[in-house]
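# A look at the structure
In case you want the letters, here they are:
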Amino acid sequence: MPHLDDVTLRAAADRLIRAHEQASRDNEWTFFVDQIYARDCVYTCEYAGVMEVTARGVAEIKATHYGRDMQVGWEGWTFPYLGVYTGGDNRLITHWMNRGPGRRSDGGYYETPGVSFITLDADARIIRQFDLFDLAHQMRLCDELDAAGLLSPELKENWVGPMKARLQAQLAAS
């Protein structure tokens, strides 16, 4: 596979960032998948060893990660990017935040960091994406949002509660 130059790698990252900005505004997370991801892309989001979501191909990406997982309860959340790092072998590393709705009393954001490891094909489409973030900190963040009255009841019921149960079971088994 031909190696992409840094300008092309950065342009691909910028397309993803713009798409995520638009998706955060509209709470519609599937409109960009066909343009940004390769047809046979593998997208994995690892949740602290308690759950892994792996989608193979654009249809599964739209049905799971960006469809089922992002469409309900994440209203008001944004995912701003703090940095993009390009490297050889058509790879990107992106550093972003899971930023909840509202602001803290000191004006700061309710947020936790995340990172994506991305590989692009010769057409500068994402062929592999692996996302990581600290799930324990994300659960604490959700507790803070809940205490402030900012956590969606749907997110609490369908994502936070089940994730906490999985984390607790994993820790209890140790």
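Residues numbered from 1 in each chain as written. Predicted model: local features only at pLDDT ≥ 70, side-chain atom pairs only at ≥ 80, totals over all residues. Heavy atoms only, no water.

### A word on the side chain of Asn 90
Relative to the helices and strands, Asn 90 resides in the loop between strand E3 (81-87) and strand E4 (91-103). Within polar-contact distance, the side chain of Asn 90 engages the backbone nitrogen of Leu 4 at 2.7 Å. (Helix = DSSP H or I, 4+ residues; strand = E, 2+ residues; numbered from the N terminus. Polar contact = N/O pair within 3.5 Å; in protein donor to acceptor, adjacent residues only side chain to side chain.)

### Things to note about the pairing of strand E6 (residues 126-133)
Residues in a regular strand project their side chains so that they alternate between the two faces of the sheet. Bridge count for strand E1 (residues 37-47) against E6 is six bridges, and the pairing is parallel. Residue pairing in the sheet places Glu 46 in a bridge with Leu 132 of E6. Both strand E5 (residues 109-120) and E6 contribute to a ladder of seven bridges, which runs antiparallel. Counted as the bridge partner of Leu 120 is Ile 126 from E6. The antiparallel pairing of E5 with E6 creates a hairpin that spans five residues between the two strands, and Ala 124 there sits at a positive phi of about 65°. (Pairing = 2+ DSSP bridges.)

### Observations regarding the packing of aromatic side chains
The full count for this structure, using the stated rule, is nine aromatic pairs. For the pair Phe 31 and Phe 32, a centre-to-centre distance of 5.2 Å together with 80° between the ring planes defines the contact as edge-to-face. On the accessibility criterion, Phe 31 (38% relative accessible area) is partly exposed. The exposure class assigned to Phe 32 is buried, which follows from its relative accessible area of 2%. On the basis of an interplanar angle of 65° and a centroid distance of 6.3 Å, the ring pair of Trp 96 and Phe 133 is categorised as edge-to-face. Here Phe 133 lies in strand E6 and Trp 96 lies in strand E4, a separation of 37 residues in the sequence. (Phe/Tyr/Trp six-rings, centres within 6.5 Å; stacked < 30°, edge-to-face > 60°. Buried < 20%, exposed > 50% of the residue type's maximum accessible area, 1.4 Å probe, protein only.)

### Some thoughts on the sheet that holds strand E2 (residues 51-56)
In space, the six strands of this open sheet follow the order E2-E1-E6-E5-E4-E3, with mixed pairing throughout. The outermost strands of the open sheet, each flanked by one partner alone, are E2 and E3. Mean inter-strand twist for the sheet, computed between neighbouring axes without regard to direction, equals 15°. The sheet contact formed by E4 and E5 spans 10 bridges and is antiparallel. Residue Ile 93 lies in a different strand from E5, and its bridge partner there is Phe 117. (Axes fitted to C-alpha atoms, helices over the stretch in contact; angles between N-to-C directions.)

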